[in-house]
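Examining the three-dimensional arrangement
If you want the building blocks of each chain, they are given just below.
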2 protein chains.
Amino acid sequence: MFELRDRDGLGRLGAFATPHGTIDTPALLPVINPNQVLIPPKEMVAKFGAQAVITNAYILHRSMRERALAEGVHDILDFRGPVMTDSGAFQQHVYGGVAVSNEDIVAFQRTIGSDIGTSLDLFSEPEHGADRAKADLEETLARTRRAAELAGSMTLAGTVQGGLHADLRRHCAEELSKIGVGVHAIGGVVPLMESYRFRDLVRVIVAAKQGLRPDRPVHLFGAGHPMIFGLAALLGCDLFDSASYVKYARDGRLLFADGTRHVEELRAIPCECPACSTAKLEDLLADERLRAEHNLYASFAELRRVRQAIAEGQLWELVERRCRSHPALIDALRELRHHNEFLERFEPLSRRGGFFFTGPETQHRPILWRYRQRLPERYRPPRRHVVMFPEGPRPYATTRGELISRILAAKDVHFLVKSVWGPVPIELDEVHPIGQSVIPESLDAESLEAAEVFAQQYLRGAGYEKGVLWTGEECLADFPDTAPGALDVVRARLQAVADLQFGRGAADALLAGTIELVTSKTTGKVRNVIRDGKHILSLRAEDGFYTLKAEGGRILHAGLLRPALRVIVETDTAEFNRQGKNVMAKFVVECDAGLRPFDECLVVDERDALVAVGRALMNREEMLAFDRGVAVQVREGVT
Amino acid sequence: MFELRDRDGLGRLGAFATPHGTIDTPALLPVINPNQVLIPPKEMVAKFGAQAVITNAYILHRSMRERALAEGVHDILDFRGPVMTDSGAFQQHVYGGVAVSNEDIVAFQRTIGSDIGTSLDLFSEPEHGADRAKADLEETLARTRRAAELAGSMTLAGTVQGGLHADLRRHCAEELSKIGVGVHAIGGVVPLMESYRFRDLVRVIVAAKQGLRPDRPVHLFGAGHPMIFGLAALLGCDLFDSASYVKYARDGRLLFADGTRHVEELRAIPCECPACSTAKLEDLLADERLRAEHNLYASFAELRRVRQAIAEGQLWELVERRCRSHPALIDALRELRHHNEFLERFEPLSRRGGFFFTGPETQHRPILWRYRQRLPERYRPPRRHVVMFPEGPRPYATTRGELISRILAAKDVHFLVKSVWGPVPIELDEVHPIGQSVIPESLDAESLEAAEVFAQQYLRGAGYEKGVLWTGEECLADFPDTAPGALDVVRARLQAVADLQFGRGAADALLAGTIELVTSKTTGKVRNVIRDGKHILSLRAEDGFYTLKAEGGRILHAGLLRPALRVIVETDTAEFNRQGKNVMAKFVVECDAGLRPFDECLVVDERDALVAVGRALMNREEMLAFDRGVAVQVREGVT
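This section reports on the structure supplied with the text. These numbers come from a predicted model, not from an experiment. (Residues numbered from 1 in each chain as written. Chains lettered and ligands numbered in written order. Predicted model: local features only at pLDDT ≥ 70, side-chain atom pairs only at ≥ 80, totals over all residues. Heavy atoms only, no water.)

Our next topic: the pairing of strand β5 (residues 53-56) of chain A. Residue and element names in this part refer to chain A. Taking every second residue as pointing to the same face, both faces of β5 are buried, with V53 and T55 on one and I54 and N56 on the other. Of the pairings in the sheet, the one linking strand β4 (residues 27-32) to β5 comprises 2 bridges and is parallel in character. Following the sheet pairing, V31 is matched in β5 by I54. Of the strand pairs in this sheet, β5 and strand β6 (residues 83-86) are connected by 4 bridges, and their pairing is parallel. For T55, the partnering residue across the bridge sits in β6 and is T85. (Buried < 20%, exposed > 50% of the residue type's maximum accessible area, 1.4 Å probe, protein only. Helix = DSSP H or I, 4+ residues; strand = E, 2+ residues; numbered from the N terminus. Pairing = 2+ DSSP bridges.)

So, in structure tokens, the structure goes:
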């Protein structure tokens, strides 16, 4: 059983329960060769922080079948933690075939007590055409269905195949999602990783993820090089397995998050791990085990960096940096923008901390794609004319003095900043990620060009009657009716944020009546919005969005038609939420498809009675799929 | 005494001799506070690999003057390795003044046995105007001159001041170069590093380096954060000192090569160092010393990564990647291109291994700037017309089949590839860095635009009578005289490389007479060039340039007028070089200003008699400045 704990991008911190203990994901399962144990599983745990290992059932079956059946895999490995077994599918890729049937190997894994077993899928090579890949994946599906019948209480991993054919990968994933397996694996990717075809790897993972149900952990089979952990986690891979640590060590090579180096190439040891800190170059040259230890230290540390990046909302930054390690990874990074429609669905509303520009690719992160989608859909320009302030690189006005006051005072003229991320109305310059952006002063041509294109696109659709670029005060002469008519910026900000966050119309509903504002004594910024004496909204300093109070929830519930912002729970369980208890995913009946992780939402029962307000931790697909974990963190019950 | 061992960019692996041992540079000197020793110097050596430490003479003078005079600084620190002392200049910055004179503190440092002492320079703040900074640096220079008189046998560090004023920094550096000090320091930079003004830091370092003589190590005062080690080393800084490891540890913060993190922000420990590998988060939270250890492990490992990058010729790649860690570092990276005329003088001819694209900034590395400068100066187009093959991203033709044969067979029509780095004649597609390039398939707009600009610039100046862009075979119809007249590509390649490497005219000199070629049996490529029966050149597979044999040297010597390619040595010592011994820098009298590190060169005596051929390890300024080390690796003496 898999439970979601935190998230960033499609990356997730999860907990995956097995009969021999829980695995915190993303996790790396070191491969143990039962015939040749270089580093025993117990040491994997104690020294490197491994929680689970993987071993090959096909090898066990071939080389020590009787003993394995008698003792079980945990005794053979001398390990009481979770053990996953592979089926021999990869051996087909290497040797062209295996001498065991799907039924036999699944039954064998069950009998030896594997925590996670694998059916014998057919490994599609990248060069296989669509016909062959299709036939093979249908056979893989048939075998997985059969394996699910045979698996008993063993958790089964069902592997997505389909070669380089995105439609087949997705089809395979959709079919596997209907089978009662506990883990999904993405197979057939080792040849892509070995030949640095990372753009193809991205396409394959995204296609698989689009078809897979989101409540099961996803294992990227054979991924054991730390240079791709970040990218794979960003795309929603939860489990990795590594024989690389030992294979590379055998060849004299060391793994690093930025690539591979042969010990013979070294003049200095570019690493701080315990193996490298005490060693001399001669030791690393001579000692295979020391190299394997380095490889494990480097791999598990990179995994922790990925975990930390998810926790601090910096996974995109980590991946964008890592992708500078090799031009083929830059291609992978530049591929991501083509999948924004999918990626955006899982992208949190906002993240902790800064939002950092790392290069022209940052421009195309899903969160910015969303901003540029939502701005014309949700934001209503308050005035008929527009002055575009060519601030270029900066995302929001840094000079808030007299200049801006004048523009604001000009009747019917609206002030917009041409930021690198797209046009930013001054009222929205504190929402995430605009307000949290950290951007170089000197920008590359691609970023500047994109900023120009985004600004023009927006202006064409926004319905301003007239627009000019700010060239100095004289440009206001273009607007004969610039009599004083000062915009109430504070009010405009409250409205703009409400519409952007909750949808167009939300501002009209929320901000009617008598509005009082509570401002922060230290910053002077609005903290609480009081309507007719009732606290309806709080404005968060960290991301510029609202926190919804019960009274605000009532207004939105009345003002916005179903399904907007709704999470519909089983009427029987709604009473718990009224009392302030969180909404568990298993009780969610339906959900607004527009809700995103960390969005404020309305919890309603099946008759659309409002029972609570809270913060969604999942999107619709996840709420409907997950049987465990919290779907909505309830802030206030509505009684 | 400082000796150069290897290099990349302006970065250098050096050996700096002191009375208490040699320091391998780039080096980090941890700051030891004598009143509060958190980690003793001996442990700094044993555990972290430090070779030297730095302590503050001003603190010693104030708090334990008598004891220090009696015991000496090495006893007080219980350390027999090299000890550098600071003078209190930084305390002026912190406290506004110090209660000691320059004379007193220099004499004190000498008496307590400091290996490297520092004069009491005046710390210019970034906000100081030119007048104040100028007055202060003149005082700094006067104090340094006085200190040099007082220092006795102690090596003195003379500090470059001048605030943000590049002209003053350079002037100060030039004046300091005339004073008998052993180390140069760059001071007044802590405020820049603390406020992430990395672009200003680059300007300050480059200005100082332009004025400093190249034979002394350069210490970047107060640089103790691993995130800038790579950048500073790339610009020729050799020594760093760090109190950061302890200051940050005290605040609960951890240093990483990509920035700083507070332990309280962590959910996973994103590090593999021995301190972090065995610790839990609680331990790191509770234990200041553990945090300091992490900071030292991280700092010294980054320094080793820098050293390794210099050794493997990957320093630019390392720095370009590191600069993605913060937008202010991207600004620093984008600043570098403005200093290419200076940086190029120190840039090696070629490097080991691949040449990796990391982003649009790669385009402006000095090695590519040089290629684009030299192409029109040195390369002579062999034909009157040109077809520009729009290969865009790829630096050289990947389709060498029929298409290219046809173009090559077309009389008077020359084939040029519009690569991302600039136009590449097919004859030059194997020279460094063109032939070693690894480039993404998908390129950003800035890179593509630059490629277009470079191509147009070249075409305008190249003197082709007619040029077209390849649009398919039909474009050959533009050239009515496309009768077969096949270019001898092999010969054209030999000529083009000779001119590009040695200067225009070299090919005519070298490749006259009867030429035979020895080709590699495995690759079919030319290995050796035999003229009239004599081996004159070898063509290196790794960088596409020639190795010069004695016979080739004779021809170039006769064909190219002095000073081209010459390294002039004292006539008295020339005999050693005739016997095949290396040219030591101290015996170099003059040198061709066009020679670059790793260029092939002609060693001549003062009467321009050729005595040897070899590989220059330094450029002219270095050969003239260094008193130690090898200037030219002699390959063959000429007798």
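Residues and elements named next belong to chain B. One open sheet holds the 4 strands; their spatial order is β17-β16-β15-β19, and the pairing between them is mixed. Single-partner strands in this sheet number two, and they are β17 (422-425) and β19 (466-469). Going from strand to strand, the sheet's axes swing by 30° on average, the running direction of each strand aside. As paired elements, strand β15 (residues 385-389) and β19 share 4 bridges and run parallel to each other. (Axes fitted to C-alpha atoms, helices over the stretch in contact; angles between N-to-C directions.)

Further remarks concern the sheet that holds strand β2 (residues 11-18) of chain B. Residue and element names in this part refer to chain B. Within the open sheet, the 3 strands sit side by side as β1-β2-β3. Their pairing is antiparallel. In this open sheet, the two edge strands, each paired with only one partner strand, are β1 (2-8) and β3 (21-25). Taking each pair of neighbouring strands and ignoring which way they run, the sheet shows an average axis angle of 15°. Pairing of β2 with β3, which is carried by 5 bridges, proceeds in the antiparallel orientation. What sits directly across from A17, in β3, is T22.

All right, on to the packing of aromatic side chains then. Summed over all chains, the structure comprises 20 aromatic pairs over all chains. With a centroid separation of 6.5 Å and 70° between ring planes, the pair formed by F2 of chain B and F16 of chain B is classed as edge-to-face. You can see F2 of chain B sitting in strand β1 and its partner F16 of chain B sitting in strand β2, a full 14 residues away along the chain. Overall, F2 of chain B belongs to the buried group, its relative accessible area being 4%. In this structure F16 of chain B comes out as buried when scored by relative accessible area, which is 1%. Site record: aromatic cluster; members linked through ring pairs are F2, F16 and F626 of chain A. The ring of F355 of chain A is capped by R365 of chain A, whose NZ or CZ atom sits 4.5 Å from the centre of that ring. (Phe/Tyr/Trp six-rings, centres within 6.5 Å; stacked < 30°, edge-to-face > 60°. Lys NZ or Arg CZ within 6 Å of the ring centre and 35° of its normal.)

Next up on the list: the relation of the copies chain A and chain B. Each copy superposes on the other: chain A lies on chain B with an RMSD of 0.0 Å after a rotation of 180° and an axial shift of 0.0 Å. What the rotation and shift describe, once combined, is the action of a two-fold rotation axis. By residue overlap, the copies meet face to face through one surface: 98% of the interface positions of chain A are interface positions in chain B. (Least-squares fit on C-alpha atoms with pLDDT ≥ 70 in both. Contact = heavy atoms within 4.5 Å.)

Residue and element names in this part refer to chain A. Helix α16 (residues 315-322) packs onto helix α15 (residues 288-312) with a crossing angle of 140° between their chain directions and a minimal axis gap of 7 Å. As the angle between them shows, α15 and α16 are arranged oblique. Of the residues in α16, those in contact with E302, R305, V306, A309 and I310 of α15 are L315, L318 and R322. Here the residues of the contact of α15 with α16 are counted per class, giving 5 nonpolar, no polar and 3 charged. (Parallel < 35°, antiparallel > 145°, perpendicular 65-115°, else oblique. Nonpolar A, V, L, I, M, F, W, Y, C, P; charged D, E, K, R; others polar.)

What follows concerns the pairing of strand β20 (residues 515-519) of chain A. Residue and element names in this part refer to chain A. Examined bridge by bridge, β20 and strand β21 (residues 526-531) share 5 bridges and lie antiparallel to one another. The residue bridging E516 from the neighbouring strand is I530, located in β21. The hairpin formed by β20 and β21 contains 6 residues between the paired strands, and G524 there has a positive phi angle of roughly 75°.

To continue, consider the interface of chain A and chain B. Facing 48 residues of chain A, the contacting portion of chain B comprises 47 residues. Of the roughly 4200 Å² buried where chain A meets chain B, counting both sides, 51% is carbon and sulfur surface. Of all residues in chain A, the largest losses of buried area upon contact with chain B belong to E272, Q308 and R324 of chain A, amounting jointly to 16% of the total for that side. Counting every contact that joins chain A to chain B gives 8 salt bridges. The residue E312 of chain A makes a salt bridge to R261 of chain B at a minimum N-O spacing of 3.2 Å. There are 36 residue pairs in polar contact (both at pLDDT 80 or more) connecting chain A and chain B. Within the residue set of the side of chain A that touches chain B, elements represented by two or more residues are α13 (274-278), α15, α17 (327-335) and α21 (445-462) of chain A. Sorting elements by how many residues they give to the side of chain A that touches chain B places α15 of chain A first, with 9 residues. (Buried area = accessible area lost by both parts, 1.4 Å probe. Salt bridge = Lys/Arg side-chain N within 4 Å of Asp/Glu carboxyl O. Polar contact = N/O pair within 3.5 Å; in protein donor to acceptor, adjacent residues only side chain to side chain.)

So, on to unusual backbone geometry. Residues and elements named next belong to chain A. Following T25, the chain continues to P26 via a peptide bond in cis, the omega torsion being 0°. Examined against the element boundaries, P26 turns out to sit in the loop between β3 (21-25) and β4. Across the junction of H432 and P433, the peptide omega takes the value 0°, indicating a cis bond. Position of P433 relative to the elements: it lies in the loop between β17 (422-425) and β18 (437-438). Of note, D78 is a non-glycine position whose phi angle comes to about 55°, a positive value. Relative to the elements of secondary structure, D78 occurs in the loop between α4 (73-77) and β6.

A word on the nonpolar core. Residues and elements named next belong to chain A. By size, the foremost hydrophobic cluster in this structure holds 104 residues, and its most contacted members are I186, L220, I228 and F240. The biggest single contributor to this core is α15, with 10 residues. Once residues lying within four places of it in the same chain are set aside, the contact partners of I186 are T159, V160, R169, V204, I205, A208, V218, H219, L220, F221 and C237. (Core = buried A, V, L, I, M, F, W, Y, C linked by side-chain atoms within 4.5 Å.)

To continue, consider the side chain of H184 of chain A. All names here are of chain A. Looking at where H184 falls in the secondary structure, it is placed in strand β9 (residues 183-186). For H184, a relative accessible area of 0% gives the class buried. Contact partners of H184, with chain neighbours within four places excluded, come to G158, L176, S177, L212, R213, R216, P217, V218 and H219.

This next bit is on the pattern of salt bridges. Summed over all chains, the structure comprises 122 salt bridges over all chains. Of the charged contacts in the structure, one is a salt bridge between E43 of chain A and R289 of chain A, with a shortest N-O distance of 2.1 Å. Of this pair, E43 of chain A sits in helix α1 (residues 41-48) while R289 of chain A sits in helix α15, and the two are 246 residues apart along the sequence. Given the relative accessible area of 25%, R289 of chain A is considered partly exposed. Between D258 of chain B and R261 of chain B there is a salt bridge whose closest N-O contact spans 3.5 Å. We classify R261 of chain B as buried; its relative accessible area is 15%. Within this structure, D8, E317, E320, R351 and R365 of chain A form a network of salt bridges that share partners.

Residue and element names in this part refer to chain A. With respect to the secondary-structure elements, R143 resides in helix α7 (residues 130-150). For R143, a relative accessible area of 19% puts it in the buried group. Look past the residues within four positions of R143 in its chain and what remains in contact with it is N102, S119, L120 and L122.

To continue, consider the environment of G544 of chain B. Residues and elements named next belong to chain B. With respect to the secondary-structure elements, G544 resides in the loop between β22 (534-539) and β23 (546-548). Remark: the alpha-carbon pair of G544 and V431, spanning 113 residues in sequence, is separated by 4.2 Å. The contact partners of G544, leaving out residues within four places of it in the chain, are E430, V431, V497 and L539.

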